[in-house]
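Coordinate inspection notes
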Amino acid sequence: MSLTGRELILGVTGSIAAYKAVYLLRELTALGAAVSVCLTEHAAAFVGPLTFRTLSGRPVLTNLFDPQSPEAVEHVALAERAHAILVAPATANLLAKAAHGIADDFLTTLLLAARSPVLIAPAMDGGMWAHPAVVENVATLRARGVTVLEPEAGPLASGLSGQGRFPEVPTIVAALLGALAPVRDLAGEHVLVTAGPTREPIDPVRYISNRSSGKMGYSLAAAALRRGARVTLVSGPTALTPPAGAVFVPVQTAEEMREAVLHHLASATIVIKAAAVADYRVRHVAPAKIKGKRDLALELTPNPDILAEVAARRTGAFVVGFAAETHDVAVHARAKLESKGIDALVANDVSQQGIGFEAEENEVLLLDRWGGTHALPRMAKTAVADAILGHIVALRAAAGKKTPA
Ligand code: PMT
């Protein structure tokens, strides 16, 4: 594990945990990172700039308007150069400013200019962490792709106990390494992703469908592209723009999706089926718009199970399904994984507010055919997508060494 060659910005804000940022800085530099420390005015009241300057070997950024400081006018270039910006510890005030795009000091201005992953490690009183305003700000930041770590539970500086403690240095470093992950680990792969809903026509103007927005599948396609893969995205109708670089195959119905998926299957090395395929279609689609106000019975017939067919027909591709569940998620997901004969399955509880269909975030369980189950915390779908791909890469690498459970 090394951070050699990495340019980092460490933002420190006015929390008593600011002294722990000194240990964090030492660890980051020991791993080889070049770290520019940015102190807010209140942070400097807890730990002086000299400590950070000595340990980082660089000037400490404090005042956006200091005419003596070349960095002050270069804050945009500095943010662009950084491989990651890490704010640790972050106060409730910093979270609020970052969530609302306020840029009234060096650190918040850097955050607005950021082009690289941003990680925030909050530390505050437990009651503050649970305050609806803070909860909302954290959700806003996560939805934008910022990694906000969970503070740890335990005794707090206030003398009280609760969830608000600065995360341990190894936890922060691990999150940073994850965010910086190299990320050409899918170079040479062909990743076939399905996304969105299908539409099953009733007549020329009406259809049966579901609430899938496509966000989960499109995030997977974008993340696979970033990691170097060739990507084919087969998508039902959504309002999203396909990620640049993906071969985009728009479809309407489950039958069209099946045809497109089978067409691209031969060259795929990884198949991920995030689409919410309609289980049924109307047996007799009306050729003209149905008129009248009388009762109407639609006869439905099951759609083909594309995922099971892919699993049966593949020649070496690693096949990953999704499962939208509303209760006993792990049990139903395990049964689905086994019945479809796939390698791994991503299960989400779509009865929960704020995750699953349409939401910006998701919280998933990853199950694999070797008996493994791995829970991911609630995160932006972009981050969930990256974590899923990382997990697939690790599972495939280990697959040769395992026999199915
Ligand atoms: O699109 P978003 O708004 O971002 O929402 C994301 C999501 C909730 C749609 C996504 O996370 C998700 O759970 N996708 C799968 C939804 C679903 O259809 O689940 P299922 O349990 O009904 O199906 C299981 C698996 O079989 C899925 O991989 C599905 O693509 C596949 N399937 C289902 C039916 C069918 N006829 N053919 C299939 O291939």
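Quantities reported herein were computed from a predicted structural model and do not represent experimental measurements.

So, the site of the ligand
Ser212, Ser213, Ala275, Lys336 and Asn348 are the nearest of the 27 residues found near the ligand. One of the backbone nitrogen or oxygen atoms of phenylalanine 322 is found 2.9 Å away from an oxygen atom of the ligand. The contact in question runs from an oxygen atom of the ligand to an N or O atom on the backbone of alanine 324, over 3.3 Å. Protein chains shield 95% of the accessible area of the ligand, which is 770 Å² for the free molecule. Taken together, the elements giving at least two residues each to the shell around the ligand come down to α11 (215-226), α13 (306-313), β16 (318-325) and α14 (329-340). For the shell around the ligand, the element with the most residues is β16, which contributes four residues. A breakdown of the residues in the shell around the ligand according to their chemical character gives 12 nonpolar, seven polar and eight charged.

Looking at the sheet that holds β16
As summarised here, the arrangement of the eight strands in space is β12-β11-β8-β13-β16-β17-β19-β20, forming an open sheet in which the pairing is mixed. Both edges of this open sheet fall to β12 (247-250) and β20 (373-375), since each of them pairs with a single strand only. Sheet twist, expressed as the mean angle between neighbouring strand axes with direction ignored, is 15°. Here strand β17 (residues 344-349) pairs with strand β19 (residues 364-368) via five bridges, running antiparallel. Counterpart to alanine 347 in the pairing with β19 is leucine 365.

Description of α13
Looking at α13, one finds that the buried residues are Ile306, Leu307, Glu309, Val310 and Ala311. Taken together, the buried residues of α13 touch α12 (254-265), β13 (270-273), β16 and α14. Two or three places before leucine 307, at the opening of α13, aspartate 305 has a side-chain oxygen 3.2 Å from that residue's backbone nitrogen.

Details of the packing of α11 against helix α15 (residues 381-399)
The relative placement of two packed helices comes down to the angle between their axes together with the axis-to-axis distance. Between α11 and α15, whose axes approach to 8 Å, the crossing angle comes to 55°. With respect to each other, α11 and α15 are oriented oblique. Helix-helix and strand crossings are classified by hand; for α11 and α15 the assignment is right-handed. Residues Lys215, Met216, Ser219, Leu220, Ala223, Ala224 and Arg226 of α11 form the contact with α15, whose participating residues are Lys381, Thr382, Val384, Ala385, Asp386, Ile388 and Leu389.

Description of the pairing of strand β2 (residues 34-39)
Of all six residues in β2, five are buried; the element is thus mostly enclosed. Two strands pair when backbone bridges link them, and strand β1 (residues 7-12) and β2 are joined in this way by six bridges, in the parallel orientation. The residue of β2 that forms the bridge with isoleucine 9 is serine 36. Taking the sense of rotation as the criterion, the β-α-β connection linking β1, helix α1 (residues 18-30) and β2 turns out right-handed.

Overview of the packing of helix α6 (residues 92-100) against helix α9 (residues 132-143)
Following both chains from N to C, one finds α6 and α9 inclined at 50°, their axes separated by 9 Å at the closest point. Relative to α9, the element α6 is oriented oblique. For the pair α6 and α9, the crossing hand works out as left-handed. Residues Ala92, Leu95, Ala96, Ala98, Ala99 and His100 of α6 lie in contact with α9, whose contacting residues are Val134, Asn137, Val138, Thr140 and Leu141.

Brief notes about the packing of aromatic side chains
Applying the stated rule across the entire model yields two aromatic pairs. Consider the rings of tyrosine 218 and phenylalanine 248, whose centres lie 6.5 Å apart with planes at 65°: the pair is edge-to-face. Note that tyrosine 218 is positioned in helix α11 and phenylalanine 248 in strand β12, a separation of 30 residues in sequence. On the accessibility criterion, tyrosine 218 (6% relative accessible area) is buried. With a centroid separation of 6.5 Å and an interplanar angle of 20°, the aromatic rings of phenylalanine 318 and tryptophan 370 are classed as stacked. Residue phenylalanine 318 is located in strand β16, and its partner tryptophan 370 is located in the loop between β19 and β20; the two are separated by 52 residues in the primary sequence.

Focus: the pattern of salt bridges
Scanning the model with the defined rule gives 21 salt bridges in all. A salt bridge links glutamate 299 to arginine 283; the nearest nitrogen and oxygen atoms lie 2.8 Å apart. Within this pair, whereas glutamate 299 is found in the loop between β14 (280-282) and β15 (300-302), its partner arginine 283 is found in the loop between β14 and β15, the two being separated by 16 residues in sequence. Given a relative accessible area of 44%, arginine 283 falls into the partly exposed group. One network of salt bridges, in which partners are shared, links Asp185, Arg226, Arg227 and Asp386.

Looking at the domain arrangement of the protein
According to the domain assignment, the protein contains domain 1 (7-180) and domain 2 (190-398). When each unit is reduced to the centre of its C-alpha atoms, the spacing between domain 1 and domain 2 is 37 Å. Every contact between the two is made by four residues of domain 1 and, on the other side, four residues of domain 2. For the pair domain 1 and domain 2, the summed buried area comes to about 330 Å², and 57% of that belongs to carbon and sulfur atoms.

The rules behind each value
Every residue gets a number counted from 1 within its own chain, in the order that chain's sequence is written. Only residues with pLDDT of at least 70 are given local features in this predicted model, and only at 80 or more are side-chain atom pairs given and counted; all residues enter the totals for whole chains, interfaces and linings. Side-chain figures throughout are based on the complete set of non-hydrogen atoms in the structure, without hydrogens or water. It suffices for a single heavy atom of a residue to lie within 4 Å of a molecule or strand for the residue to be listed as near it. Polar contacts, as counted here, are pairs of nitrogen or oxygen atoms within 3.5 Å of one another; within protein the pair requires one atom able to donate a hydrogen and one able to accept it, and residues that are adjacent in sequence qualify only if both atoms are side-chain atoms. The Shrake-Rupley method, run with a 1.4 Å probe sphere, supplies the accessible areas, and residue values consider only the shown protein chains as cover. Put simply, DSSP marks the helices as runs of H or I at least four residues long and the strands as runs of E at least two long, and each gets a number from the N terminus on. Any residue outside Ala, Val, Leu, Ile, Met, Phe, Trp, Tyr, Cys, Pro, Asp, Glu, Lys and Arg is labelled polar, Gly included; the first ten of those are nonpolar and the last four are charged. Paired strands, in this sense, are two strands between which DSSP finds at least two bridges. All axes are obtained by fitting lines to C-alpha atoms, using only the stretch in contact for helices, and the reported angles, taken between N-to-C directions, cover 0 to 180 degrees. To sort residues, take the accessible area from a 1.4 Å probe on protein chains only and compare it with the maximum for the residue type: under 20% means buried, over 50% means exposed, and anything in between is partly exposed. Should any heavy atoms of two residues lie within 4.5 Å, those residues are considered in contact. Each angle receives one of four descriptions, namely roughly parallel if under 35 degrees, roughly antiparallel if over 145, roughly perpendicular if within 65 to 115, and oblique otherwise. Two helices crossing with the near one rotated counterclockwise from the far one by less than a right angle form a left-handed crossing, whereas a clockwise rotation gives a right-handed crossing. With its strands directed away from the observer, a crossover is right-handed exactly when the path from the first strand over the helix to the second travels clockwise. Only centres within 6.5 Å qualify two rings of Phe, Tyr or Trp (six-membered ring in Trp) as a pair; their planes then separate them into stacked at under 30 degrees, edge-to-face at over 60, and tilted for everything else. Salt bridges are identified by distance alone: a Lys or Arg side-chain nitrogen within 4 Å of an Asp or Glu carboxyl oxygen. Marked domain ranges trace back to an automatic or database domain assignment. In this description, buried area is defined as the sum, over both parts, of the accessible area (probe of 1.4 Å) that is lost when the two are combined.

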